[in-house]
Amino acid sequence: MDSLPFGAPPILLDMKSEIQNYLENPQLLPIHDLEVVQQYWRHDTNIKQLCQAEVAATPTTLLVERDINTGALAEVVEIVTPHAGMTNKTSMSLQRIPGPPSEWVRGNASNVPFWPGGLEWNPSETMSDLLQIHDLMEELCFKKDLKTIPPGFKNGMNFGTSDVNLNLAASLKQKSKPHDTEDKLKTEEPDSSSVIDLADLLKEKGSIFTWIEEEPLSSQHNKHAEKKPIVRTENEDGDLDDIPVVDISKVLSLSEKQKLKSTDWAEIIDVSTSLDNFNDLVPNPAFTWHFELDRFQKHAIIHLEKGEDVFIAAHTSAGKTVVAEYAIALSQKHMTRAIYTSPIKALSNQKFRDFKTTFTDVGLLTGDVQINAKATCLIMTTEILRSMLYNGSDIIRDLEWVIFDEVHYINDSERGVVWEEVLILLPSHVNIVMLSATVPNTSEFATWVGRTKGRKMYVISTLKRPVPLEHYLYTGLTGKTKDERFLIVNAEGAFVPKGYMAAMEAKKSKEKDVKPSGAGAGAGRGRGAPTKEVSRAPGGGGHKGWGPPQEKNLMIALLDHLKKHDQLPVVAFTFSRNRCDQNSSLLTSVDLVTAEERGRIHQFFQKCVSRLKGSDQKLPQVTNMQSLLKRGIGVHHSGILPILKEVVEMLFQEGLVKLLFATETFAMGVNMPARTVVFDSIRKHDGTGFRNLLPAEYIQMAGRAGRRGLDTTGTVIILCKNDVPESSELHAMMLGQPMKLSSQFRVTYSMILNLLRVEHLRVEDMMKRSFGEDHQQSKLGKVKEQLQKLYDQVQQLPQLACDICIDIESYYNNAASYLNLKEEMQESLLTHPSMVREMNPGRLLIVQHQGRCNKLAVLLSIDSRSKEKLYKVLLLISGDGEPASKKDDMIWTKMLGISQLKKGLFYPTSRVNHAVVLLKAKQIWEVTRTQLKIESDKIVADWDNRQIPRFRDNPPGPSCTAAVQELFRLSQTTSVEVINPLQDWKWTNMDLVGKMQELSILLNRLACATCTACSQFEQHLEQTSASMSIQEELQRTQFLLSEDSLLHSAEYHSRLEVLKELNYVDGNGTLQMKGKVACEMGNHELIITELVFHNVLTELQPAEIAALLSCLVFQQKNASEPHMTPVLEKGRFRIREIADKIGRTQQACGLKEAVGDFVDQFRFELVEVVYEWAKGMPFAEIMGLTDVQEGMIVRCIQRLDETLRDVRDAARIIGDPILYQKMGEASTAIKRDIVFAASLYTQ
């Protein structure tokens, strides 16, 4: 074949070889042929393209005007487009351009929020609009607080003024210590040569504005109709010299508003009045019910129809939800939107199911679930709404109503600030409905909301519960005593002493019959007997003999009693998850349901559990709960799996659960009433120790008793397992005043960062409008009036014309500092053990008395009965006695006494007399080394005897005369030796050493003052004191009006310094990259951002990242230690290291939180569980890795998913694709099986 001229003939390859070659050599495919695929187009460089920018929106537009009668074209005019170029990145106006559809619901951290309602100035308004608004014209002020040099500039412009008062105020500010950043900037005055005076320019060229002259305040309110818009004049294009010169000081202050009474912000509605004409007032209601509405509901609906804000404070089960439903129906009628916020996710799910049956278009937004997000009615937690407001969600545009359920959650120390933030940030077009339990200060809270939003709030409260409660003590234990139940508070709310005494007698007789071992600790205790903590253990038990058998007998006896009186179902509140489980496990022989009910329970349970994976259906908690439910018993607490809790709740609502063991969380907003409520104990552990239930806590739980329409009364039973509680404790708990709504506002890093990225909103604006500041802000009008009076007083002060007293002001300041420091040091010095030993009767003292600081006195006794120790001394006075004068307590008389120190000790110049007086510690200036031998008791008795009118002329006794003569002799000596703690007792307290050195320096300055040589020094010092007092009061008033007087000002500045130190913001308060990333975080902003920027997470695997980040969401303290791999151990070390750095930075910047507390809040006990779960281990197996309950694990992993999404967003912002991908994989790995089983309420 090789000899052929053209070689062997071609042979076709078989199909198998072609396919193999095709699959094994993809590089031979035509698509990789560079000659075909890769083409190159020559690009000519054009540098000028870099200078091109987008064309700005047209600020004006043309408007065609036509004749009304003929329709003919009259003219075309150019008008200003007020909202041109406004976007969600630059404008806070509702008229801005909407954002992209992807940001329509949640918004974006780079968006700016809409302008909050109630603020004085709206940045969306143009200057021409402002000039036409009278109220805003009043706030424009160029008189004061103007900076002369812009940031980054060397030269500036001086907005000078000739106002004497303002110049004087500026000089006072320079003398006083600066309080804020702006004052600090003023400490360095620019060189006068580098400042241009704007007033001079205006005098030369005239003004280009025409300003409205100031009008008397009394006539301002009637001038609105006379205001005219600014129009062009005939000579507008002429010579500018013809325009009158402007006096800038004439411009009115813009911050003054019409003064309104507090009642104008909140109105209490009298619900006792009947509304027979309700149907006439609301002829076309937006929603109707099949039952007759209560009066408070009708009043609320009337105000909702008017578009007014309402605050409903009603008893439990009174029907507050009716008001919420009507607000939602109104929004749908008006084709707008309504948002219903709840404090907890579980309540949001329940409300979603309830409203879904009433209104078809309902959506749900929680951390991990988003259902029908564009619905007209959205259910969400308050934190979600806060995030939407900060992120400028476009849903806010169409929002008409926001319903705040369980507003009393504002008292929560951790989350209460969220309610305040949301109420402050809501735009003005949004109406507010607040639903709350009964609280004593509804008017105060409504006044704050009304003042904050600038409109009236209507307060509507219920007068009584729809189903009254009866409260009992239960002392039964066995079958014989199972009916021992005693009424202590009747349905009218009156305490029944007879029932309480009967309970005491029943308990005592039972203790005589059967005494468990160790019962002596509490035996015989009755009213007024001392309480031992051993008898106050959780659950009410205190006897050592009380255990599971006694607990079982008690519960069986109680259930028999309740069944006999037809008082099931019952909720048994127990303040321990473990005790709930233990109590339910004791009742294995109890069956509370019928066969038919048992079948329904089995069918429903199997239907719900069938959603779970096969292995998850056989979890011990699932099988145990099924066994309990089939007997009519349920358990509800945070350790139960969420799907099981929902099963229990639904069965309880259907009346199939007859006995429910629950913790306090079951009563938080869940509308599931029972016939009876039982308290296992009235004491709970609040994290620091055991205490009695507060009235609000007791009322919240007891309010679950009594089903409206089914029960005439609700029954509340307190189990007396050990001793009967004190009647005073029961009275305070059952009939005490509920807890007031109080501000829990605090400045958070998230708040600071979100507001710093908005030009027109400041953190100070948020702090001013907090609930805690409302009382002070309401007084600003009076404070401003006081400030004006002080300005007038300062202007009228006479000038001191004395050549000798040129340093009298310096003397006054040094003397004031000396007096304050001396009194402060003496109060602490006299309480020191070494000094206490010296303070015996007969000790010679140098005291301050009646304007003199150099009087000798002898100590007679010490009175320690009052809060402040009083020292009884004998001292010399002149003549017939120096009557007390108002001047004696004035500061200048004390200063005058200091000037007399260099003249030696005081002794009377006229006839010598004496007195026995009581002095405070701060009036004792020195303790001498001299100890006189006196008979103090006789001296005191002689003095007291001579104070009786008929013995007043008697001569002093021998003991008193001898002491007076010795005092007179010693007063004529040049000096006496005083005790010096540093030298005599070798004290090494550096604080005390510093104070004594400072006292010595001040005293030397006072001694060197020339003003004390003036013959009229006393009169001049009094005049200077009066002047300085007014100036000090002026400074104090200015401070009250400044932002530094805000309660959280110091905390804000400290947190801002932390952000600057960690480079989240720069020196000018501009957000840096770290700050922008932190704005994306839901919680723990600093630690997560630091982890991302330190690349702690990038090198880890997705399962390891999820495991380590679980420390941010797991909060349980008592959990078993996990077994971690070396990589996880290293990760834990790095996280704690970064947390320690943040904690130290916080402490260095002035925050009080201890470094150890900040580091220890991140708990790693669930790291192993999350790591194995992310790797795919079944839930049944990971339960063997920890002692944490199933429900707590599920909650932790669900919250962890939100954190993983936050970190993924951070990776997107900084441009880290590797970390972004890993966070997505980690989130996918944990979102499976029972942990993320869908809620039954959403199905």
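Presented here is an overview of the structure given in this document. (Residues numbered from 1 in each chain as written. Predicted model: local features only at pLDDT ≥ 70, side-chain atom pairs only at ≥ 80, totals over all residues. Heavy atoms only, no water.)

What to know about the overall build of the protein
Applied cut-off: Secondary structure elements are taken from DSSP: a helix is a run of H or I of four residues or more, a strand is a run of E of two residues or more, and numbering for both begins at the N terminus. The buried label goes to any residue with under 20% of its type's maximum accessible area, the exposed label to any with over 50%, and the partly exposed label to all in between, with areas taken from a 1.4 Å probe on protein chains only. Methods summary: accessible areas were calculated by the Shrake-Rupley approach with a probe of 1.4 Å, and residue burial reflects only the protein chains presented.
Regarding its fold elements, the protein presents 44 helices and 27 strands. Each of the 1243 residues in the protein was classed as buried or not, and the buried ones make up 48%. Summed over all atoms, the accessible surface of the protein reaches about 63700 Å², with 52% contributed by carbon and sulfur.

Here we look at the environment of Leu874
Rule in force here: Contact definition: two residues touch when any of their heavy atoms are within 4.5 Å.
Relative to the helices and strands, Leu874 is located in strand 25 (residues 870-878). Sequence separation of Leu874 and Ala915 is 41 residues, and the distance between their C-alpha atoms is 5.8 Å. When sequence neighbours within four positions are dropped, the list of residues in contact with Leu874 reads Leu856, Ala857, Val858, Leu860, His914, Ala915, Val916, Ile939, Ala963, Val964 and Leu967.

Observations regarding helix 17 (residues 577-586)
Heads up, the rule is: Working definition: the arc comes from the directions between the helix axis and the C-beta atoms, pointing outward to the latter. Think of a polar contact as two N or O atoms within 3.5 Å of one another; within protein, one of them needs to be a possible hydrogen donor and the other a possible acceptor, and neighboring residues in sequence only count if both atoms come from side chains.
Within helix 17, the full set of buried residues consists of Arg579, Cys580, Asn583, Ser584 and Leu586. Viewed along the axis of helix 17, the buried residues span an arc of 155°, placing them on a single side of the element. Here the buried face of helix 17 lies against helix 16 (548-564), helix 19 (620-629), strand 17 (633-636) and strand 18 (659-662). Two or three places before Asn578, at the start of helix 17, stands the capping residue Ser576, its side-chain oxygen 3.5 Å from that residue's backbone nitrogen.

Some thoughts on the nonpolar core
Where we set the bar: To form a nonpolar core, buried Ala, Val, Leu, Ile, Met, Phe, Trp, Tyr and Cys residues must be joined to one another through side-chain atoms within 4.5 Å.
With 212 residues, the main nonpolar core has Phe404, Met434, Phe445, Phe679, Leu1109 and Phe1179 as its most contacted residues. Looking at which element gives the most residues to this core, the answer is helix 43 (residues 1190-1214), with 10 residues. Setting aside residues no more than four positions away along its own chain, Phe445 makes contact with Phe311, Val407, Ile410, Leu423, Met434, Leu741 and Phe771. Grouped together as the second largest cluster of nonpolar side chains are 61 residues, Met839, Leu970, Cys1014 and Phe1017 included.

Thoughts on the packing of aromatic side chains
Aromatic rings considered in pairs are described by the distance between their centres and by the relative angle of their planes. Our working definition: Working definition: a ring pair exists when centres of Phe, Tyr or Trp rings (six-membered ring for Trp) sit within 6.5 Å. Plane angles under 30 degrees give stacked, over 60 give edge-to-face, the rest tilted. In this scheme, the term charge over a ring applies when either NZ of a lysine or CZ of an arginine sits within 6 Å of the ring centre and within 35 degrees of the ring normal.
This structure, assessed with the given rule, holds 16 aromatic pairs. Relative to Phe666, the ring of Phe652 has its centre 5.9 Å away and its plane inclined at 85°; by these criteria the two rings are edge-to-face. Remark: Phe666 occurs in the loop between strand 18 and strand 19 (676-679) and Phe652 occurs in helix 20 (residues 642-653); sequence separation between them is 14 residues. Note on accessibility: Phe652 and Phe666 belong to one class, buried. One aromatic cluster in this structure is built from Phe287, Trp289, Tyr326, Tyr340, Phe355 and Phe359. One Lys or Arg, Arg485, reaches over the ring of Tyr472 and ends 4.3 Å from the middle of that ring. Directly above the aromatic system of Phe1093 lies the positively charged group of Lys1074, at a separation of 5.9 Å from the ring centroid.

Here's the deal with the sheet that holds strand 5 (residues 266-268)
Let me state the cut-off plainly: If DSSP finds at least two bridges between two strands, the strands pair. To get an axis, a line is fitted to the C-alpha atoms, and for a helix only the part in contact is used. The angle between two axes follows their N-to-C directions and goes from 0 to 180 degrees.
With mixed pairing, nine strands are arranged side by side in an open sheet as 5-13-6-12-11-7-10-8-9. Strands at the two margins of the open sheet, each flanked by one partner only, are strand 5 and strand 9 (370-371). Sheet analysis places strand 11 (residues 399-404) next to strand 12 (residues 431-436), joined by four bridges and oriented parallel. Residue pairing in the sheet places Phe404 in a bridge with Met434 of strand 12. Contacts between helix 14 (residues 442-453) and the sheet are confined to strand 5, strand 6 (309-313), strand 12 and strand 13 (457-461), with strand 13 contributing the most and set at about 160° to the helix.

Digging into the state of the cysteines
Put simply, the test is: The disulfide definition used here is simple: a pair of cysteine sulfur atoms within 2.5 Å.
Counted according to the given criterion, the structure contains zero disulfides. With no disulfide of its own, Cys805 lies 3.7 Å from the sulfur of Cys802, the closest cysteine sulfur. Of all cysteine sulfurs, the one in Cys1111 lies closest to Cys1196, which takes part in no disulfide; the gap is 9.5 Å. Residue classification places Cys1196 among the buried positions, given a relative accessible area of 3%.

Remarks on the packing of helix 38 (residues 1102-1109) against helix 44 (residues 1217-1230)
The condition that has to hold: Comment on the angle field: the value is read as roughly parallel under 35 degrees, roughly antiparallel over 145, roughly perpendicular from 65 to 115, and oblique elsewhere. Residue polarity is assigned by list, with Asp, Glu, Lys and Arg as charged and Ala, Val, Leu, Ile, Met, Phe, Trp, Tyr, Cys and Pro as nonpolar; anything else, Gly included, falls into the polar class.
Where helix 38 meets helix 44, the axes come as close as 8 Å, and the angle between the chain directions of the two elements is 75°. The angle between the axes of helix 38 and helix 44 places the two elements in the roughly perpendicular class. Packed against helix 38, whose contacting residues are Pro1102, Ile1105, Ala1106 and Leu1109, the element helix 44 presents Leu1219, Lys1222, Met1223, Glu1225, Ala1226 and Ile1230 at the interface. For the contact of helix 38 with helix 44, a count of residues per class yields eight nonpolar, no polar and two charged.

A few points about the pairing of strand 7 (residues 337-342)
Strand 7 sits mainly inside the fold: six of its six residues count as buried. Along strand 7, one buried face is formed by Arg337, Ile339 and Thr341 and the opposite face, lined by Ala338, Tyr340 and Ser342, is buried too. Relative to strand 11, strand 7 runs parallel, the two being bridged by five bridges. Note on strand 11: the bridge partner recorded for Ile339 is Val402. By the bridge criterion, five bridges tie strand 7 to strand 10 (residues 377-381) in an arrangement that is parallel. Residue Ile339 lies in a different strand from strand 10, and its bridge partner there is Leu378.

A short note on the sheet that holds strand 17
Read from one edge of the open sheet, seven strands run 15-14-22-19-16-18-17, paired in mixed fashion. Both edges of this open sheet fall to strand 15 (485-489) and strand 17, since each of them pairs with a single strand only. Going from strand to strand, the sheet's axes swing by 25° on average, the running direction of each strand aside. By the bridge criterion, four bridges tie strand 16 (residues 570-573) to strand 19 in an arrangement that is parallel. Its bridge partner being in strand 19, Ala572 is matched across the sheet by Val678. Contacts between helix 21 (residues 695-702) and the sheet are confined to strand 14 (469-474), strand 16, strand 19 and strand 22 (714-719), with strand 19 contributing the most and set at about 140° to the helix.

Details of the pattern of salt bridges
The test is simple: One speaks of a salt bridge when a side-chain nitrogen belonging to Lys or Arg is within 4 Å of a carboxyl oxygen belonging to Asp or Glu.
Summed over the entire model, instances satisfying the criterion amount to 42 salt bridges. Note that Arg579 is salt-bridged to Asp680, the shortest N-O span being 3.2 Å. With a gap of 101 residues between them, Arg579 in helix 17 and Asp680 in the loop between strand 19 and strand 20 (683-685) connect regions that are remote in the sequence. As far as burial versus exposure is concerned, Arg579 and Asp680 are alike and both buried. Asp711 serves as the salt-bridge partner of Arg675, at 3.5 Å between the closest nitrogen and oxygen. Note that Arg675 is positioned in the loop between strand 18 and strand 19 and Asp711 in the loop between helix 21 and strand 22, a separation of 36 residues in sequence.

Focus: the environment of Glu1085
Relative to the helices and strands, Glu1085 is located in helix 37 (residues 1085-1093). On the basis of relative accessibility, which here comes to 11%, the residue Glu1085 falls in the buried class. The spatial distance from the C-alpha of Glu1085 to the C-alpha of Tyr749 is 7.3 Å, given a sequence separation of 336 residues. Look past the residues within four positions of Glu1085 in its chain and what remains in contact with it is Tyr749, Ser750, Tyr1064 and Ala1078.

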